[in-house]
Amino acid sequence: MKIVYYLVLAVWYLLSLLPFWVHYLLSDLLYLILYRMIGYRKKVVRQNLATSFPEKSEAELRKIERGFYHFFGDYIAESVKLMTISQKNLRKRMVFKGIEHVNEVLGSGQSITLYMGHYCNWEFVTSLQLWLIPGAQCGQIYHPIENESFDRLFLRLRQRQGSVSIPMQETLRRLLKFRSEKRVNLIGFLSDQKPHWVNIHHWVDFLHHDTPVLTGTERIVNKLDNAAFYLDMHRVRRGYYVGEFKLITRNSKEMKEFELTDTYFSMLEASIRRAPEYWLWSHNRWARTREEFNKRFEVVNGKVIAKDHPDNC
């Protein structure tokens, strides 16, 4: 496995040294391969777009579809470039608007939970550590990749600018450790992922779908008394992004149960509707339905229990 890791690392590193214009030529080639030749997850993308935007014409949907595949190629190319990009270049290409408000909150001693989506290039957001006040720790929650070599590569990529990557299963333990050490922090959560059946506790109306959502981020905010921000991403042009911080609350305990989660999905939907091609449409987001959930599971004392078989989980 070590040989595979170092071989892939060497190839990735050498590719990352190429100038951006070469990366975008490769991205254009990747678009032709993934979209025109292979049709990578095209059925999923097409179904997601059609059901999310029933008001749009076939021509409008196809335009968004092509835009998504063009952007997906750029996302891959830009992520490769992150391996060697300089801090100066990265700060120019990933700008954070409203960072002064974030640093004001951190400076007061309150940590921050940052709600994000798989929108624009979320890998560029790992550069946020370069923008925070001294002593503040930036990080992101991630789901480890099954392939050990690629998991190590993405950890290297995401932690290159000083942020930390926290495995999802270690989230609460690591954040409680930060608090016990009095280390003020800002941790990003990609909260638009599909929850496992046993983690479904809430549904929202999201892009014309009855959508099961993750609520663990909200529980983290409440338990740690964190401030909650949403990062509204904008793509200025190819390779250039602005992330605008929008405060949701500094006292989540004043909000009703799931109100924080509902607010996040409302804000994310507004971002997606503004420029839908930049969301990850290839993800089979709506594979789990309320009808199937009600057939297979029940909620007992706040826990989701399989009605018949443990395998239902």
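Above this text you will find the structure in question.
Undergrad: Explain the packing of aromatic side chains here, please?
TA: Centre distance and the angle of the planes are the two values used to describe a pair of aromatic rings. According to the stated counting rule, one finds 29 aromatic pairs in the structure shown. Ring geometry for Tyr119 against Tyr278: centres 6.3 Å apart, planes inclined by 70°, an arrangement best described as edge-to-face. Of this pair, Tyr119 sits in the loop between β2 (112-116) and β3 (137-142) while Tyr278 sits in the loop between α10 (259-274) and α11 (290-296); the two residues are 159 residues apart in sequence, bridging distant segments of the chain. Here Tyr119 and Tyr278 have matching classes, each one buried. Between Tyr264 and Phe265, the ring centres sit 4.8 Å apart and the planes meet at 65°, which makes this aromatic pair edge-to-face. Residue class for Tyr264 comes out buried when judged on its relative accessible area of 0%. Looking at Phe265, the relative accessible area reads 3%, which means it is buried. Members of the aromatic cluster, each reached through a chain of ring pairs, are Phe53, Tyr115, Phe206, Tyr230, Tyr264, Phe265, Trp279, Trp281 and Trp286. When the ring centre of Trp131 is taken as reference, the NZ or CZ atom of Arg91 above it lies at 4.3 Å. Taking the ring centre of Tyr5 as reference, the NZ or CZ of Arg152 above it sits at 3.7 Å.

Undergrad: How should empty space enclosed by the protein be read in this particular structure?
TA: Unoccupied space between atoms shows up once a probe the size of one water molecule is rolled over them. Counted by the stated rule, this structure contains one cavity of 30 Å³ or more. Lining of the largest cavity is provided by Met116, Gly117, Tyr119, Tyr230, Leu231, Met233 and Leu268. With three residues, the top contributor of residues to the lining of the largest cavity is strand β8 (residues 227-237). When its residues are assigned to classes, the lining of the largest cavity shows six nonpolar, one polar and no charged.

Undergrad: Would you explain the nonpolar core in this entry?
TA: Generally speaking, soluble globular proteins have nonpolar side chains that are buried together. Judged by nonpolar contacts, the single largest core of 76 residues is most densely connected at Leu128 and Trp281. At eight residues, the largest contribution of residues to this core is made by helix α4 (residues 58-81). Discounting residues that sit within four places of it in the chain, Trp281 has contacts with Val44, Val45, Asn48, Leu49, Ser52, Phe53, Phe68, Leu207, Ile272, Pro276 and Trp286. Membership of the second largest hydrophobic core comes to nine residues, among which are Ile166, Leu175, Phe178 and Ile187.

Undergrad: Looking at this model, I keep getting lost on unusual backbone geometry. Mind explaining?
TA: Working note: non-glycine residues mostly have negative phi, and peptide bonds are mostly trans. Within the chain, His208 stands out as a residue other than glycine whose phi angle is a positive 65°. Assessed through its relative accessible area of 49%, His208 is described here as partly exposed. Of note in the backbone geometry, Asn301 takes a positive phi value of approximately 55° without being a glycine. Looking at the secondary structure, you find Asn301 in the loop between β10 (297-300) and β11 (303-306).

Undergrad: Please clarify how the sheet that holds strand β1 (residues 94-97) should be interpreted in this entry.
TA: In a beta sheet, neighbouring strands are held together by backbone hydrogen bonds and run either parallel or antiparallel to one another. Read from one edge of the open sheet, seven strands run β1-β9-β8-β2-β5-β3-β4, paired in mixed fashion. Edge positions in the sheet fall to β1 and β4 (164-167), since each of these pairs with one other strand and no more. Strand-to-strand twist in this sheet, taken as the mean axis angle between neighbours without regard to direction, amounts to 30°. Of the pairings in the sheet, the one linking β3 to β4 comprises four bridges and is parallel in character. Of the residues in β4, the one forming a bridge with Gly139 is Val164. Together, β3 and β4 form the strand contacts of helix α7 (residues 148-158), whose direction differs from that of β3 by roughly 155°.

Undergrad: I would appreciate a short explanation of the side chain of Arg285 in the present structure.
TA: Considering the arrangement of structural elements, one finds Arg285 in the loop between α10 and α11. Although Arg285 is buried, it makes no salt bridge; Asp192 carries the closest opposite charge, 6.4 Å away. In this structure the side chain of Arg285 is engaged in a polar contact, spanning 3.3 Å, whose partner is the backbone oxygen of Gln193. Among the polar contacts made by the side chain of Arg285, one reaches the main-chain carbonyl oxygen of Pro212 at a distance of 3.0 Å. Leave out the neighbours within four places in its chain, and Arg285 touches Asn48, Asp192, Gln193, Lys194, Pro195, Thr211, Pro212, Val213, Phe265 and Trp279.

Parameters at a glance
- Residues numbered from 1 in each chain as written.
- Predicted model: local features only at pLDDT ≥ 70, side-chain atom pairs only at ≥ 80, totals over all residues.
- Heavy atoms only, no water.
- Phe/Tyr/Trp six-rings, centres within 6.5 Å; stacked < 30°, edge-to-face > 60°.
- Helix = DSSP H or I, 4+ residues; strand = E, 2+ residues; numbered from the N terminus.
- Buried < 20%, exposed > 50% of the residue type's maximum accessible area, 1.4 Å probe, protein only.
- Lys NZ or Arg CZ within 6 Å of the ring centre and 35° of its normal.
- 1 Å grid on protein atoms, 1.4 Å probe; cavity = no way out; pocket = protein on both sides within 12 Å on 5 of 7 lines; lining within 4 Å.
- Points joined across faces, edges and corners; volume = space filled by probe spheres on them.
- Nonpolar A, V, L, I, M, F, W, Y, C, P; charged D, E, K, R; others polar.
- Core = buried A, V, L, I, M, F, W, Y, C linked by side-chain atoms within 4.5 Å.
- Contact = heavy atoms within 4.5 Å.
- Pairing = 2+ DSSP bridges.
- Axes fitted to C-alpha atoms, helices over the stretch in contact; angles between N-to-C directions.
- Lys, Arg positive; Asp, Glu negative; His and termini not counted.
- Salt bridge = Lys/Arg side-chain N within 4 Å of Asp/Glu carboxyl O.
- Polar contact = N/O pair within 3.5 Å; in protein donor to acceptor, adjacent residues only side chain to side chain.

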